[in-house]
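Observations on the model geometry
The lines below spell out each chain.
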Amino acid sequence: MRTRFGICQRKRRYAAEAEALQAAAKAAVTLRPYRCALCRQYHLTGRTKGLRVPRFVLERKKDEDGREDFTAS
Ligand SMILES: [Zn+2]
């Protein structure tokens, strides 16, 4: 997932994935945490499109691979 700089600036950041998951659990709508390639912290997105946690784990692994880093501009 590409993260635009403006979105990163506007969104609330969570330093830890657990923190983001807690906030998502409290929200009235379905939110999904994702690792931001810009600030390297976590944001929540409401665009779940039916994705479930295993998919998120896959995306996170891709992030940690480094290929997504610094490509969003
Ligand atoms: Zn960010």
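Residues numbered from 1 in each chain as written. Predicted model: local features only at pLDDT ≥ 70, side-chain atom pairs only at ≥ 80, totals over all residues. Heavy atoms only, no water.

As a further point, take the pairing of strand β2 (residues 42–45). The alternating pattern of β2 places Tyr42 and Leu44 on one face and His43 and Thr45 on the opposite face, and all of these are buried. Between the end of strand β1 (residues 32–35) and the start of β2, which pair antiparallel, lie six residues, with Arg40 showing a positive phi angle near 65°. (Buried < 20%, exposed > 50% of the residue type's maximum accessible area, 1.4 Å probe, protein only. Helix = DSSP H or I, 4+ residues; strand = E, 2+ residues; numbered from the N terminus. Pairing = 2+ DSSP bridges.)

With that out of the way, let us pick up the coordination of the zinc ion. Summarising the metal site, the zinc ion is bound by the protein donors Cys8 (SG), Cys36 (SG), Cys39 (SG) and His43 (NE2), whose distances to it range over 2.1 to 2.4 Å. In this structure, the zinc ion is coordinated by four donor atoms arranged in tetrahedral fashion, with angles at the metal of 106 to 115°. Every donor residue of the zinc ion comes from the same chain, spaced as C-x27-C-x2-C-x3-H. In this pair, Cys8 is assigned in helix α1 (residues 5–10) and His43 in strand β2, connecting sequence segments 35 residues apart. Residue classification places Cys8 among the buried residues on the basis of a relative accessible area of 2%. Owing to a relative accessible area of 0%, His43 belongs among the buried residues under this scheme. (Donors = N, O, S within 2.8 Å, 3.2 Å for Na, K, Ca; no water. Tetrahedral: all angles 85-135°; square planar, octahedral: opposite > 155°, others 65-115°.)

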